[in-house]
Amino acid sequence: MMMPTIFNRAAQMLAKLALEPEWEARFEPNSYGFRPGRSCHDAIQAIYISINQKPKFVLDADIAKCFDRGRPFGCQMTRL
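Since the structure is predicted, the reported quantities are computational estimates derived from the model, not experimental observations.

### A word on a nonpolar patch on the surface
Consideration 1: Taken together, the side chains of Leu19, Trp23 and Phe27 present a nonpolar region at the surface, about 330 Å² in accessible area.
Consideration 2: As for its placement among the helices and strands, Phe27 is situated in the loop between α1 (3–26) and α2 (40–53).
Consideration 3: Residue classification places Phe27 among the partly exposed residues on the basis of a relative accessible area of 40%.

Next comes the structure, spelled out in structure tokens:
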């Protein structure tokens, strides 16, 4: 009764060990979801550092008029 479970877990671990190094190299450095050695605390720390070190811009856009027939590109955006 335990043999299929052990076999399945061994197969899963072999697949993980084969695929993880290849995919880990392709991920963005700012990706934190479900990655080994990364946690939500790391993501929060990266956000905090980014907020304190980079300039901020706020985009305020009213896109309701963008979809009118008379003005397909009638959006007006204002930088604050």
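### As for the packing of aromatic side chains
Centre distance and the angle of the planes are the two values used to describe a pair of aromatic rings.
Consideration 1: As enumerated under the stated definition, the model contains 0 aromatic pairs in all.
Consideration 2: Taking NZ or CZ as reference, Arg26 lies 5.1 Å from the ring centre of Trp23, over its face.
Consideration 3: Here the guanidinium or amino end of Arg38 rests over the ring plane of Tyr32, the centre of that ring lying 4.9 Å away.

### Looking at α1
Consideration 1: Taking 1.5 Å of rise per residue, 24 residues should cover 34 Å, and α1 covers 35 Å from first to last C-alpha, within 8% of that figure.
Consideration 2: The largest bend along α1 measures about 40 degrees and falls at Glu20, with the proline Pro21 one to four residues further on.

### Details of the pattern of salt bridges
Consideration 1: In total, this model carries 3 salt bridges according to the counting rule given.
Consideration 2: Salt-bridge contacts for Glu22 lead to Arg26; the nearest nitrogen and oxygen are separated by 3.0 Å. Linking Glu22 with Arg26, this pair stays in helix α1, spanning 4 residues, or about one helical turn.
Consideration 3: Take Glu22: its relative accessible area is 43%, and that puts it in the partly exposed class.
Consideration 4: What makes Arg26 exposed here is its relative accessible area of 55%.
Consideration 5: With its nearest N and O atoms 2.5 Å apart, the salt bridge here joins Arg35 to Glu24. Residue Arg35 is found in the loop between α1 and α2, and its partner Glu24 is found in helix α1; the two are separated by 11 residues along the sequence.

Rules used throughout
- Residues numbered from 1 in each chain as written.
- Predicted model: local features only at pLDDT ≥ 70, side-chain atom pairs only at ≥ 80, totals over all residues.
- Heavy atoms only, no water.
- Patch = residues over 30% accessible without salt bridge, like charges linked within 9 Å, V, L, I, M, F, W, Y side chains within 5 Å.
- Areas by Shrake-Rupley, 256 points an atom, 1.4 Å probe, with all protein chains shown as cover.
- Salt bridge = Lys/Arg side-chain N within 4 Å of Asp/Glu carboxyl O.
- Helix = DSSP H or I, 4+ residues; strand = E, 2+ residues; numbered from the N terminus.
- Buried < 20%, exposed > 50% of the residue type's maximum accessible area, 1.4 Å probe, protein only.
- Phe/Tyr/Trp six-rings, centres within 6.5 Å; stacked < 30°, edge-to-face > 60°.
- Lys NZ or Arg CZ within 6 Å of the ring centre and 35° of its normal.
- Expected span 1.5 Å × (residues − 1).
- Bend = angle between axes of the 7 residues up to and from the residue.

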